[in-house]
Structures are given as C-alpha cells and as structure tokens.
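The lines below spell out each chain.
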Amino acid sequence: MINTCIKQLVEYGIDNSLIEEEDRIYTTNIILEMLGLDEYEEPGEVDKLEQPSDLERTLKGILDFAVEKGIIESDSVVLRDLFDTKVMNALVPKPSQVIKTFNEKYKTSPKEATDYFYELSKASDYIRTYRIAKDVKWIKNTEYGDIDITINLSKPEKDPKMIALAKKVASSSYPKCQLCIENEGYAGRINHPARENHRIIPIEINGGKWGFQYSPYVYYNEHCIVFNGEHVPMKIEKDTFKKLFSFVKQFPHYFVGSNADLPIVGGSILSHDHFQGGNYTFAMTKAEVETKLTFAGYEDIDSGIVKWPMSVIRLNGTDSERIIDLADKILNAWRGYTDEEAYIYAETDGEPHNTITPIARMRDGRYELDLVLRNNITTKEHPLGLYHPWEEFHNIKKENIGLIEVMGLAVLPARLKGEMEELADAIVHGEDIASKENIAKHDSWVKSFISRYDSITEDNVKKILRDEIGDVFAKILECAGVYKRNEEGKAAFIRFADHVNNML
C-alpha cells in the first residue's frame, strides 16, 4: 500500500510539472528515506491523482504509515501537517528555478507569470485546495451590491494536546513572524507552520526589496500577499500609496490594498509591513460614487464618496503621482481631524485613533485608489471599538474588520457551520433556542427575524439563515463606518471633505 502511495505521489509531481520524468527515481528515494524505508517494490500501474481529494487521500495513506511506524510521534493534525509538508517539498522545484520560470513567463505577460505561480502554489499543496473546498461560501444581495460570505474551515483547529504542548516549546525568534522571508523552506514546529513547500518571488516595490506569495488560505481568487523583505511594522503614509501603485503597475490585473496600521481596525499582523491583493472584483470595487467631490488644485482627479456601508473616498485619474499626492493630503487631514458632533476624535489621552485602509487598482486604463476612513476609539458602551462589530452582532462575528471584510467579503468563524446546522433544526422543530448551550447566543437574533417569514421548513431554513447572516454582515460594515448612512452622517462626511479643501 505504501509503495502505491509513493508512486502515485511521484507521478502526481510529474503530471503537474513539479518534477520531470528524469527525477522519478531520485524523488522516490527521497520519500523512502523520509519514511525510514530501505526498499521499494514497483506496484505496477496506479490511479492518477486528478482531483484535490485524490491528493488528500494519497497523503493520508503516507501519513497513516508514518504514524504507525512512529515517524510521526502523535496522530495530530499539527504533526501530520509538519510531516506532509516535508514530503511534498520533495516534489517542489528549488526557489531559484521557480523564480527563473516566473521571470521568463513575465516577459510574455504579468498574468502568465502569476498564473504559473498560482498553479504551482496549489499543486505543491502549499495551498491545500481540498481544505479550501470545505469552506462554506455564498453571496448575499444587499443595497450595497452582492456581498461575499464565507465560513472559514480551511484553517485546521489544534487539538488540546498540541495546544498544551506548544506552551512548553521554547520560544524562538526565527522566523520573526509568519510573513518573514525566512519562512521559505522552513520545517516549522508545533507553534509555527511548516513552509518547506513554500516559494516566494522577489520583487521590487518603490525601490525596496519585497516578496510576493499567495495566501495558503485563499479567501478569494489568487489571494496574494506582498510583504516587505525586512521585518518592519505596518505604517500608512505617503510611501504606502507609492508602494501600492508600484505593485499595480507591475501587475495591472491585480488589485492590492493595505490593512490599517492601528489596533482594532488593523490586520492580524501589524508587526510586519505587508499588503494583500489578487485577481478578484469585490462588491466595494463595483460600488459606484454617489457623491462627487472636488479638491482644490486636483480638479484633474475624479473624486467622490462611494455608496458603501463604510466611509470611502475614491480617487481616479491618469496620473498616479497626482493621486498619491492628493491621497497624502487626505491622510494627513484625517490623522488630525476631530469632529465631536460626529464622535470622531483624532486622539484621546495621547493615543491616535484616525487612520486609513487604502486599496489600489487599475480601472479601464486609469489609476484608482480607495481611501477607507478608519477610527479605533473605544467607549464604555463599545469597549472593543465604537467603529467595530457591535456586541449585538457578536453571535455572528466579533473579530476585527480588516482589509478583506472592508471590501465586502465576510470571513466568519468556523464555529458558525455547526451552530447554524443546530439552529436550523431547532427553528424547524420549534425548540427553545435559549435553553441550548451551543446556540443560546443566537436566540435574540432569531426572534428579531423569524416573524417576517410565513413558514420556515427544512426546505428553506438554510437559505433564510444565510440571508439573515448576510444582512448582519452588512450591518457590521455599517458599524465600522465612521460616517453613518443617514443625513447626519452624510453631512459630517462632507464637513471632512470641506476640511481637506481648507487645508489645501
């Protein structure tokens, strides 16, 4: 059985252009050594691994063997992931070869280069497509357009034994974080993922050395990460806009954006300067400008407020340097802006609150930059953040609203899958939701919408719950908007635009 798995994996590498036919024996022997085997018996013809689930099944066979032989000390998903990454690395070309191929294809077109690299990242199992396929996804139509909803199941949850063991592992500063370039080829450890089958493309961004890779969790098509070659913290400044357009000019078929640089409204890794991008059109991108703005001295830039639950100023023009210059003026104005009537404070007790989430793209041959105004102030009523998911929505999501959510893609916690299944059953059978420990948190939410439906059955309950979750996410985005979608909010937004003009 193990010989069959080994041959299937090697032939998978050949079929997916990871290795050549001439590498067959060499690669087979590498895998044999990993499994502590001295001999190999030719199993004859084997089934091709054509679907992601086929690769998952073959790797499972190899991992089960390694557990049985004690090569993997404990049968946990953490240790299994560490080992199968090592096995897959036997099939992946060296970094220099990947970079050379990428650069050769880039000469034909940037898209051909990224197509190659994306397919490699999936074929190498760095992107575990069979896990991504388990994510629950749907689209909800709202007044702001079609919003993407996903329940993220692709990140494996650690079992209690591994969590306890990780606490005993000696701390290490290598790599300094999961975005550092030193992750390429790193074997990993219990508290740091293996990246032996990971490859990075070096690129130049605004004159600096950066890395280009894909996210292993792929929340949307060709979800890429662009990161500074040095471990330096996130900072939104004029150079940020220059860097974003530097990337877009090199890869015009991709958008790229940055998380904000403050806690609560920022991303999960503020310690390492990085962007996220990809080949996907979000609802926010499709949203139109509803209120045109004019900034003195920048009449050549089409400017306006976007019809979106969050507070977005869109700049569009033919000259990226002009857009960058205006964006810097808006950023500086926002950093120091206070409007007590709108409960916007630039700082309290010396702590700054205002920042921006910027997103750059090409649109019909013109440069475009969206500036999403953010504020991380907390209040007694909203201790996690005033412009953050409010407590009444925490049954669905209480995590930060980062770049991906800002653009209209909800990344919801894995717990919701099981909770929604249990909740659906309870609703259909008229059970007391408040008495059920796992779903009691959803009781008041269900009561808020259940009367709107004449009949809820096994046939429609799933769609109803998905629609209601989508509506909640739209409301969460409204929570995160510093200017609300009412007349007072719109007037306050215009006051800020006037403030920018007064500073020009």
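Look up a bit, the structure's there.
First, a word on what this report is: a plain description of the structure on this page. For every chain, the first residue of its written sequence is number 1, and the numbers climb from 1 along that sequence. Two thresholds apply to this predicted model, a pLDDT of at least 70 for residue-level local features and 80 or more for giving and counting side-chain atom pairs, whereas whole-chain, interface and lining totals are computed over all residues. As a convention, hydrogens and water are excluded, and side-chain values are obtained from all of the structure's heavy atoms.

Another aspect to go through is the overall build of the protein chain. Helix and strand counts for the protein chain come out as 16 helices and 15 strands. Radius of gyration here is computed from C-alpha atoms only, and the compact-globule reference equals 2.2 Å multiplied by the residue count raised to the power 0.38. For the protein chain, whose C-alpha radius of gyration is 25 Å, the value lies close to the compact-globule estimate of 23 Å for 504 residues. Dimensions of the protein chain along its principal axes, counting C-alpha atoms only, are 80 × 60 × 45 Å. Here the protein chain holds 504 residues, and 53% of them are scored as buried. Surface exposure here means Shrake-Rupley accessible area, sampled with a 1.4 Å probe, where a residue is shielded only by the protein chains that are shown. Carbon and sulfur atoms provide 47% of the accessible area of the protein chain, an area that totals close to 23100 Å². A run of DSSP states H or I qualifies as a helix once it reaches four residues; a run of E qualifies as a strand once it reaches two. Both are numbered from the N-terminal end. With a 1.4 Å probe rolled over the protein chains alone, any residue whose accessible area is under 20% of its type maximum counts as buried; one over 50% counts as exposed, and the rest are partly exposed.

Right, let's talk about helix 16 (residues 487-503) for a bit. Take the residue count of a helix, subtract one, and multiply by 1.5 Å to get its expected span. Between its first and last C-alpha, helix 16 extends 25 Å over 17 residues, near the 24 Å set by a 1.5 Å rise per residue. Of all the positions in helix 16, only G489, A492, F493, F496, A497 and V500 are classed as buried. Along the axis of helix 16, the buried positions cluster into a sector of 145 degrees, meaning they face one direction only. Those residues of helix 16 that are exposed and aimed more than 90 degrees away from the buried face are E487, E488 and N502. Residues are treated as being in contact if the distance between any of their heavy atoms lies within 4.5 Å. For helix 16, the elements touching its buried residues are strand 8 (289-293), strand 9 (302-306), strand 10 (312-317), helix 11 (320-335) and strand 14 (366-375). In protein, a polar contact means a hydrogen-donor-capable atom and an acceptor-capable atom, both N or O and within 3.5 Å, with residues adjacent in sequence counting only if both atoms are side-chain atoms; elsewhere, any N or O pair within 3.5 Å suffices. Its side-chain oxygen 3.3 Å from the backbone nitrogen of E488, N486 forms the N-cap of helix 16. Throughout, the arc means the angular range of directions from the helix axis out to the C-beta atoms.

The next point concerns the environment of N191. Secondary-structure assignment places N191 in the loop between helix 8 (160-168) and strand 3 (201-205). N191 sits 60 residues away from R131 along the chain, and the two C-alpha atoms are 20 Å apart. Here R189 takes part through its side chain, which lies 2.8 Å from a polar atom of the side chain of N191.

On to the environment of L49. Note on placement: L49 falls in the loop between helix 2 (24-34) and helix 3 (52-68). Residue L49 is classed as buried on the basis of its relative accessible area, which comes to 11%. Linking L49 and E11, residues 38 residues apart in sequence, is a C-alpha distance of 8.3 Å. Not counting residues within four places of it along the chain, the set of residues in contact with L49 comprises Q8, L9, Y12, D54, L55 and T58.

Let's shift gears to helix 4 (residues 77-89). Compared with an ideal rise of 1.5 Å per residue, which puts 13 residues at 18 Å, helix 4 spans 18 Å between its outermost C-alpha atoms and is within 8% of the ideal. What helix 4 keeps buried is the set V78, L79, R80, D81, L82, F83, D84, T85, V87 and M88.

Pairing between strands requires that DSSP locate at least two bridges from one strand to the other. The 10 strands are arranged 3-4-5-7-6-13-14-10-9-8 in an open sheet whose pairing can be described as antiparallel. Two strands close off the open sheet at either side, each with one partner strand: strand 3 and strand 8. The average undirected angle you get between the axes of adjacent strands in this sheet is 25 degrees. Inspection of the sheet shows strand 8 paired to strand 9 by 4 bridges, in the antiparallel sense. Looking at the pairing, L293 lines up with S303 of strand 9. Fitted lines through C-alpha atoms serve as axes, helices being fitted only where they are in contact, and the angles separating the N-to-C directions of these axes extend from 0 to 180 degrees. Sheet strands touched by helix 6 (residues 110-123): strand 3 and strand 4 (208-214). Its angle to strand 4, the strand with the most contacts, is close to 55 degrees.

Among the 5 residues that make up strand 9, 4 are buried, leaving the element largely enclosed by the rest of the structure. Where strand 9 hands over to strand 10, the hairpin turn is made up of 5 residues, counted between the paired strands.

A few words now on the sheet that holds strand 2 (residues 145-151). As summarised here, the arrangement of the 3 strands in space is 1-2-15, forming an open sheet in which the pairing is mixed. Of all the strands in the sheet, the pair left with one neighbour each is strand 1 (136-142) and strand 15 (409-412). Across this sheet, the average inter-strand angle for adjacent strands is 20 degrees, counted without regard to direction. Relative to strand 2, strand 1 runs antiparallel, the two being bridged by 7 bridges.

Let us now look at the layout of surface pockets. Cavity and pocket criteria rest on a 1 Å grid covering protein atoms alone: a 1.4 Å probe that fits but cannot get out defines a cavity, protein on both sides within 12 Å along at least 5 of 7 lines defines an open pocket, and an atom within 4 Å of a point defines a lining residue. Grid points are joined across faces, edges and corners, and a volume is the space filled by probe spheres set on the points. Each pocket or cavity is described by its volume, and for the second largest pocket that value is around 820 Å³. N16, S17, L18, I19 and L91 are the residues nearest the centre of the second largest pocket, which is lined by 35 residues in total. Of all the secondary structure elements, the ones that give two or more residues to the lining of the second largest pocket are helix 1 (2-15), helix 2, helix 3, helix 5 (95-108), helix 6 and helix 7 (129-132). If you tally residues by element for the lining of the second largest pocket, the top one is helix 6, at 5 residues. By the convention adopted, Pro, Cys, Tyr, Trp, Phe, Met, Ile, Leu, Val and Ala count as nonpolar, Lys, Arg, Asp and Glu as charged, and the other residues, Gly among them, as polar. Counted by class, the lining of the second largest pocket contains 17 nonpolar, 8 polar and 10 charged residues.

Note that M407 resides in the loop between helix 12 (403-406) and strand 15. With 260 residues separating them in the primary sequence, M407 and I147 have C-alpha atoms 8.9 Å apart.

Let's shift gears to unusual backbone geometry. In this chain, Y174 is followed by P175 through a cis amide linkage whose omega measures -15 degrees. Although it is not a glycine, D364 adopts a positive phi angle of roughly 55 degrees. Mapped onto the elements, D364 comes out in the loop between strand 13 (354-363) and strand 14.

Attention now moves to the side chain of H192. Looking at the element boundaries, H192 is found in the loop between helix 8 and strand 3. A distance of 2.7 Å separates a polar atom in the side chain of H192 from a polar atom in the side chain of N183.

Bringing empty space enclosed by the protein into the picture now. Scanning the entire structure with this criterion turns up 1 cavity of 30 Å³ or more. Estimated volume of the largest cavity: approximately 30 Å³. Lining the largest cavity, in full, are F117, L120, S121, S124, Y126, N197 and R199. Residue classes in the lining of the largest cavity are distributed as 3 nonpolar, 3 polar and 1 charged.

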